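# Fold and contact review
What follows is each chain in one-letter form.
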Amino acid sequence: ELPLMNRAAVEGWIASQHRAGRLNLFHWPHQSKAKALAAVSDAFFDISKGLPLHMIYSFEAVARVGNEVTPDLVRAQPACPSGDIRDYYAGFMLQLSPRGKAILHVLAGLDFSPPPFALNNCFGVDDQSILGLAEIGHLLDFREMEVRPFHGSLFAFLRNDPIHHSTFMANSAPTLAWLETEAPPYWREAWLWITQATRGNAQNLIKGPSREWALSFV
């Protein structure tokens, strides 16, 4: 775990994000940018208590949308008063749409990280799914060939949720269908049988592997 940041360190980090053009800072006509920046930095420190992971999540949640950032907007983000990131996750899940929750639980329940180009197949292109993906984007790391959690503590938190298994089972069928019918050979060969087993059907995983099957990959 990274050490906690003090108020000055938080202000310095927020200022660096502003210099990099990542913070659309709101300030009143009578207010200097320096004072506006200090007020927003104070708000980030107040909700995060200097926990770096919480700072990153909160900043990405308000900054990536592109709207003007105010102290009130920052303080509307889930807080982390104990310094335990699970507080943030719990607060965030309370604010999250049902579809956003479902997508997170599917991603946390899979044994592999799906590629970005498969997200529409796995979760749909309806308005609720598009909004759900947008809501959780700041928690994820979108790489060229996989979508992973920005930090492993997120999926650990979700897997400990009592509703995780039932939510995963209720919403992961489209991901299995993508593996069965549309996934490129690498993903299908590596993850189809495992995903079938994760969803309760282990027959292919038990009976499929053989000497001939193994030699087919050589």
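Residues numbered from 1 in each chain as written. Predicted model: local features only at pLDDT ≥ 70, side-chain atom pairs only at ≥ 80, totals over all residues. Heavy atoms only, no water.

## A closer look at the pattern of salt bridges
If you walk through the whole model with that rule in mind, you get nine salt bridges. Arg64 is paired through a salt bridge with Glu60; the nearest N and O atoms lie 3.5 Å apart. We classify Arg64 as partly exposed; its relative accessible area is 45%. Linking Asp141 and Arg143 is a salt bridge whose minimum nitrogen-to-oxygen distance equals 2.8 Å. The class for Asp141 is partly exposed, based on a relative accessible area of 23%. (Salt bridge = Lys/Arg side-chain N within 4 Å of Asp/Glu carboxyl O. Buried < 20%, exposed > 50% of the residue type's maximum accessible area, 1.4 Å probe, protein only.)

## Some thoughts on the confidence of the model for the protein chain
With 94% of its residues at a pLDDT of 70 or more, the protein chain shows a mean pLDDT of 91. Element-level mean pLDDT values for the protein chain span from 62 in helix α14 (residues 211-215) up to 98 in helix α6 (residues 98-109). (pLDDT = per-residue confidence, 0-100. Helix = DSSP H or I, 4+ residues; strand = E, 2+ residues; numbered from the N terminus.)

## A look at the side chain of Ser58
With respect to the element layout, Ser58 can be found in helix α3 (residues 52-63). With residues up to four places along the chain from it excluded, the contact list for Ser58 reads Phe44, Ile47, Gln77 and Tyr88. (Contact = heavy atoms within 4.5 Å.)

## Describing the packing of α6 against helix α8 (residues 127-136)
For any two helices packed against each other, one specifies the inter-axial angle together with the distance between the axes. Interaxial distance between α6 and α8 falls to 8 Å at its minimum, and their mutual angle equals 65 degrees. Put simply, α6 runs roughly perpendicular to α8. Between α6 and α8 lies a crossing whose hand is right-handed. Across the interface between the two elements, Arg99, Gly100, Ile103 and Leu104 from α6 touch Gln128, Ser129, Gly132, Leu133, Glu135 and Ile136 from α8. Taken together, the residues of the contact of α6 with α8 sort by class into four nonpolar, four polar and two charged. (Axes fitted to C-alpha atoms, helices over the stretch in contact; angles between N-to-C directions. Parallel < 35°, antiparallel > 145°, perpendicular 65-115°, else oblique. Left-handed = near helix turned anticlockwise from the far one by under 90°. Nonpolar A, V, L, I, M, F, W, Y, C, P; charged D, E, K, R; others polar.)

## Focus: the packing of aromatic side chains
On inspection of all chains with the given rule, the structure shows 13 aromatic pairs. With centroids separated by 5.4 Å and ring planes inclined at 15 degrees, the aromatic side chains of Tyr57 and Tyr88 adopt a geometry described as stacked. With a gap of 31 residues between them, Tyr57 in helix α3 and Tyr88 in helix α5 (residues 85-95) connect regions that are remote in the sequence. Ring geometry for Tyr186 and Trp187: centres 5.3 Å apart, planes at 85 degrees, overall edge-to-face. Tyr186 sits in the exposed class, given a relative accessible area of 54%. On the accessibility criterion, Trp187 (8% relative accessible area) is buried. The rings of Tyr57, Tyr88, Tyr89, Phe92, Phe150 and Phe157 are connected pair by pair, giving a single aromatic cluster. (Phe/Tyr/Trp six-rings, centres within 6.5 Å; stacked < 30°, edge-to-face > 60°.)

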